[in-house]
Amino acid sequence: MTVLVYEDFGTGRHREASLIRHALGSVHDEELVAGLAGGVGFMYFVFEYEGRAPIATIVAQAHPEPWVQVALGRLGVPYDATRAMKPRWGRVRAALDEGQPAFCVVDRSSLPWHEADPDAEMTGADPHTVVIAGYDGDDLLIEDGAETPYRIDREEFGAAWTAHRKGRHQLIVPTGPPEGEPDVDGAIASTVGHFTGPVLGNQFDVNFGFSGMEKFAAQLRDRTTRTGWESRFGASPEALRAGTGRLHACLEEEWTAPGATRPLYADFLDLVGRPEAAGLFRESARHWSELAVLARDADAGADAEGRGALFEALAQRVDRCLELEGQAVRALAK
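Our subject in this report is the structure included herewith.

The rules behind each value
Residues numbered from 1 in each chain as written. Predicted model: local features only at pLDDT ≥ 70, side-chain atom pairs only at ≥ 80, totals over all residues. Heavy atoms only, no water. Phe/Tyr/Trp six-rings, centres within 6.5 Å; stacked < 30°, edge-to-face > 60°. Helix = DSSP H or I, 4+ residues; strand = E, 2+ residues; numbered from the N terminus. Buried < 20%, exposed > 50% of the residue type's maximum accessible area, 1.4 Å probe, protein only. Lys NZ or Arg CZ within 6 Å of the ring centre and 35° of its normal. Disulfide = S-S within 2.5 Å.

The relation between two aromatic rings is expressed through the spacing of the ring centres and the mutual angle of the planes. For the structure shown, the criterion picks out 17 aromatic pairs. With 5.1 Å between their ring centres and 35° between their planes, F195 and F210 make a pair best called tilted. Taken together, the residues F195 in helix α7 (residues 184-196) and F210 in helix α8 (residues 209-221) connect sequence positions 15 residues apart. Ring geometry for F216 versus W229: centroids 6.2 Å apart, planes at 55°, classification tilted. One end of the pair, F216, is in helix α8; the other, W229, is in helix α9 (residues 229-233), and 13 residues separate them in sequence. Classification of F216 by relative accessible area gives buried; the value is 0%. Its relative accessible area of 0% is what places W229 among the buried residues. An aromatic cluster of three or more residues is present, and its members are F42, Y44, F216, W229, F233, W288 and F311. Here the basic side chain of R93 rests over the ring of Y135, its NZ or CZ set 4.0 Å away from the ring centre.

To continue, consider the state of the cysteines. Counted by the stated rule, this structure contains 0 disulfides. Looking at the unpaired C321, the closest cysteine sulfur is the one in C250, lying at 15 Å. Taking relative accessible area as the criterion, C321 reaches 0% and is therefore assigned buried.

And the structure:
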């Protein structure tokens, strides 16, 4: 017997917002779901591991709070969140039999439809949320952005569920209809706080929000120290291609909606009556996308002068985004 708790699949503009929207019966706009989850933010790190090129990472959406729990909470949707030593298949099936989808955090690279990803080694280290939307015997039906659910054997899915240590066997099940009105003010206040900080309350806060954008621009312009982009990504065409390719992916494709999530968030702000900030974020999105295209189309064989010109052009767009988003956040904080 096949049990499928909803039939609306596929990613709109943002994968996780679409997951939440579909799981709740598509009664909410994607813009509202994304905005209530926090919408936009900024995190910049360059990870370095022995034996491989540095890995530049930007998270342009709200981070690090989990989108599912935050969005459900601000929508007023009650939910049951549990962790266990091993997969709770009985709880999963009981939820699905009652028409309730199950959110899980897995190791992305362990899912067969992602295993060919060129960056699978790294994507598996970051939380990847999927929804168990149904089952057919021992097979599970998984929503993960495609137009139809993926079919996977329960044990194979269980291995992916186990492999991500921080999210191991976490299970989130919405248990009822919304209670009260969406917490728009709380969502906006959270977004403002994530730009102005502190976010984590430790030494890594310099990598978040406006300070993270300033750090990114400074490292792009740094031609002398080991943390500058010339040192990290200028040694070879392969290193430069790795760095610039990551910028495009992070601003347009991974952990984001296109335009560094800014157009989606601007639509949320219009929806809730904050047009001034919406316009500023929409303008900022244009500069983030320009930066992403410049990075994607960069000449990997450029000499030092060419690399310097590229990095300066990227940094100038970060400067402009910082200016615009500073204005937007001040408007939201009024």
